[in-house]
Amino acid sequence: MEITGVDAGVVTEVEREVVDLLVDLIKVDTSNPPGNETETARLMDAWFRARGLEGQIVGEPEHRKNFILRLDGTRPGPTLLLLAHMDVVPAEAESWSEPPFGGVIKDDHVWGRGAGDIKNLVAAHAVAVSRLAASGRDFAGSVIYAATADEEEGTDCGALWLVQKRPDLVRSDYLVNEGGGEFQVVRGERIYELNTGEKGTAQFRLVVHGEAGHASVPLRKGNAVVAAAQIVQALHDYRADVHMETLPADYVRLLVDDDELCRRLLTAETARAALAELHERDSKTARLIEPHYGLTFSPTIVHSSSEAINVFPERVVVTVDCRTLAGRSEDEARVEVDRALAGIDAPWELEFVGSVMGNASADPSPLSEAIDRVMERFVPGARTVPLHCVGFTDSNWFRAAFPDVVAYGFGPYIEEDSDITSDQFHNHDERIHVRDLTFQAVFAEEVVRALWRCGQRLRGGPPGRPAPQRRRGSSPAGQYGRPARIAAMHRATIAAWTATPGTGPHCPCGKPFQWLGNQCRASSPRIAATRTSKSGAPESGPMATSHHGMPRANRQTSSVASPAKKSTQPQRIGCLETV
Ligand SMILES: [Zn+2]
């Protein structure tokens, strides 16, 4: 599909630039581990310098650095961070049709590891920023370009390092990251997923105790292997309580063409039975809906303490990937495990091995408005649906560190739908259609321009122009009860930006804003009270390994749920103080 309303010459120009850059990025092997992202950080540094723009290479250790660049527009306004990670998962070359680090262009696609996850956005965001600079920086606010390390196998050196060690470089009002933007066509309508939040993890081990003994007598009691098998089956069969707080009704109605079934799918008491019915008819759609109902258990590893074939082991350890809805902690997981295993007649203990609380951003917001409008313009008839990612992305660290940042996952495709694209992530023959890559660059450039305009519209619009009607009827509750308050805050902030045009952002008190997240410190006693260290860096929580699509075990054992612990030492910050 063509990009509507964009001059063919511009498309050709963007395509050439973004394809060249992606090819160069793919040729640098940043398989994680070990990563070696510093080489791509240097590549980006040189690429921007050649265009007269200067960024910074920051991070540690030496071979795992990030590249950050800030570009200020000519008018005051919000700061938008364009985020993408440079590391990739390893590739087994023998399974590929083309060399995974060759950067081959074939059949209108760029082939190679990272072409879809997510060096495509590293390249597309760069081209967008460079074009904004070349256009005379004719936009309001600032854009921060961040190409980061260490997303696929850890979080020590990339996004988490940045929010902890260099918040001054990455603090922003809005953030666009990977995690959404794929589309599916349902009954002729193009539906794009806009990731407004993410589920959390509460991964755990169950240690099942048995009686050691000789395996020649099966009637002996206390075989821990048998008990573990019962536990695995019980967890697999268990259906946790259904919560509708993050599942948009519109999304279900779009996917399921049966009003009566929709109604039952959207009613907590009937949802599980309705889902089983849907699964019989259309398992693909059922799989899309299921994770949004709430907590999930997926047993993934079983280990026996004995290696001997003729011995009953003393214990068997069952490791379970558990995902929780945003805002819910491992306490909920513990309660549900107790319920699931109520009928098991064997001693077991639970220990958490990795918990990160899922979080979400306000929706709607000026950013979702901007995304909607840009998509409507370039892809007429496209519809975005706000949805929580059922995996995990680096957006989580930003929301945890800067509670009022509006962070979404959205790198839109235009040519190939999610049936084609989603299969390729972490798979062999990863590739991206040239038109999709080009569109991601065109989109990122335009969303920076649109953000300011949409902020103005959200507060009612300039005189004589009607306020927009939201096309997305119902949105999920977002961050567990916070959206309404945050939306009100956005309106207040935007009103303040526009109150004194041409003189920079001001507080209603008349003083210049001291930015923190997306608001003035003066207007945010809650934020002021939760700031902690002298450097302004947020406190850290467990270092969770992460991936936006796949269950993944944590490296560090921890029973701490929240990635951003709050200080108990309130610190008063007024708008007259400097940040
Ligand atoms: Zn990724």
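Reading guide: rules and limits
Residues numbered from 1 in each chain as written. Predicted model: local features only at pLDDT ≥ 70, side-chain atom pairs only at ≥ 80, totals over all residues. Heavy atoms only, no water. Helix = DSSP H or I, 4+ residues; strand = E, 2+ residues; numbered from the N terminus. Buried < 20%, exposed > 50% of the residue type's maximum accessible area, 1.4 Å probe, protein only. Contact = heavy atoms within 4.5 Å. Areas by Shrake-Rupley, 256 points an atom, 1.4 Å probe, with all protein chains shown as cover. Donors = N, O, S within 2.8 Å, 3.2 Å for Na, K, Ca; no water. Tetrahedral: all angles 85-135°; square planar, octahedral: opposite > 155°, others 65-115°. Core = buried A, V, L, I, M, F, W, Y, C linked by side-chain atoms within 4.5 Å. Phe/Tyr/Trp six-rings, centres within 6.5 Å; stacked < 30°, edge-to-face > 60°. Lys NZ or Arg CZ within 6 Å of the ring centre and 35° of its normal. Axes fitted to C-alpha atoms, helices over the stretch in contact; angles between N-to-C directions. Parallel < 35°, antiparallel > 145°, perpendicular 65-115°, else oblique. Left-handed = near helix turned anticlockwise from the far one by under 90°. Nonpolar A, V, L, I, M, F, W, Y, C, P; charged D, E, K, R; others polar.

1. Focus on the overall build of the chain
Check the secondary structure of the chain and you find 17 helices and 20 strands. A buried classification covers 58% of the 579 residues belonging to the chain. Long-range pairs, those at least 24 residues apart, make up 80% of the contacts in the chain with a sequence separation of at least 6. As presented, the chain carries roughly 23,200 Å² of accessible surface, and 51% of it is formed by carbon and sulfur atoms.

2. Focus on the coordination of the zinc ion
Protein coordination at the zinc ion: the donors are H85 (NE2), D117 (OD), E178 (OE) and E178 (OE), at 1.9 to 2.8 Å from the metal. Each of the 4 donor atoms bound to the zinc ion contributes to angles spanning 50 to 149°, and the resulting shape is irregular. Each donor residue of the zinc ion lies on the same chain, and together they follow the pattern H-x31-D-x60-E. In this pair, H85 sits in strand β3 (residues 75–85) while D117 sits in the loop between β5 (109–111) and α3 (119–134), placing the two residues 32 residues apart along the sequence. Overall, the relative accessible area of 1% leaves H85 in the buried class. The exposure class of D117 is buried, given its relative accessible area of 2%.

3. Details of the nonpolar core
Counting 69 residues, the largest nonpolar core has M44, F48, L80, V110, Y145, L367 and I371 as the members making the most contacts within it. Looking at this core, the element that brings in the most residues is helix α15 (residues 434–458), giving 10 residues. In contact with F48, other than residues within four places in its own chain, are L53, F67, L69, A126, V129, S130 and Y145. One finds L206, A227, L295 and C322 within the second-largest nonpolar core, a separate group that totals 26 residues.

4. Quick look at the packing of aromatic side chains
Within this structure, the stated rule accounts for 14 aromatic pairs. Residues F439 and F443 carry aromatic rings whose centres are separated by 6.5 Å and whose planes lie at 55° to one another, so their mutual orientation is tilted. On the criterion of helical spacing, the pair formed by F439 and F443 is a turn pair, its members being 4 residues apart in helix α15. Considered together, F439 and F443 belong to a single accessibility category, that of buried residues. Joined through ring pairs, the aromatic side chains of F183, Y192, F378, F410, F439 and F443 make up one cluster. A cation over an aromatic ring shows up here: R51 above the ring of W47, its NZ or CZ 3.8 Å from the ring centre. Over the ring of W111 we find R431; its NZ or CZ atom is 4.6 Å from the centre of that ring.

5. As for the packing of helix α1 (residues 8–26) against α3
When two helices pack together, their arrangement is captured by the angle between the axes and the distance separating the axes. α3 packs onto α1 with a crossing angle of 135° between their chain directions and a minimal axis gap of 9 Å. It follows that α1 is oblique to α3 by the angle criterion. Note that α1 runs across α3; the crossing there is right-handed. Of α3, the residues touching α1 (which contributes V10, E13, V14, E17, V18, L21, L22, L25 and I26) are K119, N120, V122, A123, A124, A126, V127, S130 and R131. Residue classes in the contact of α1 with α3 are distributed as 12 nonpolar, 2 polar and 4 charged.

What is shown is where atoms sit, not what they do.
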